[in-house]
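Residue-level structure breakdown
Residues per chain are reported as follows:
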Amino acid sequence: MINWPLIFTLIAAASAALAFGGVATGLAVAANVVFLISMFLLGLALIDRTLCN
């Protein structure tokens, strides 16, 4: 006798965990990209200030 509700519950939990992990990874990548862009712009601004002085 196979306990189908338990198996379906496990599958649903696993897919939810995967979906949440994907969302978390996407957020982390987006934050990383925003951080890199801001550091790049900050570096440009500093170079601009030192060159223009």
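Up top is the structure.
For the structure given in this document, a descriptive report is provided here. (Residues numbered from 1 in each chain as written. Predicted model: local features only at pLDDT ≥ 70, side-chain atom pairs only at ≥ 80, totals over all residues. Heavy atoms only, no water.)

1. So, the overall build of the chain
- A tally of helices and strands in the chain yields one helix and zero strands.
- The C-alpha atoms of the chain give 23 Å as radius of gyration, which overshoots the globular expectation for 53 residues (10 Å, by more than 25%).
- Each principal axis of the C-alpha distribution contributes one length, and for the chain these read about 80 × 10 × 5 Å.
- The buried share among the 53 residues of the chain stands at 0%.
- By element, 81% of the accessible surface of the chain is carried by carbon and sulfur atoms, the whole surface being about 4,800 Å². (Helix = DSSP H or I, 4+ residues; strand = E, 2+ residues; numbered from the N terminus. Rg over C-alpha atoms; globule rule 2.2 N^0.38 Å. Buried < 20%, exposed > 50% of the residue type's maximum accessible area, 1.4 Å probe, protein only. Areas by Shrake-Rupley, 256 points an atom, 1.4 Å probe, with all protein chains shown as cover.)

2. Quick notes on the environment of G43
- Assignment of secondary structure puts G43 in helix α1 (residues 4-52).
- Between the C-alpha atoms of G43 and A24, which are 19 residues apart in sequence, the distance is 28 Å.

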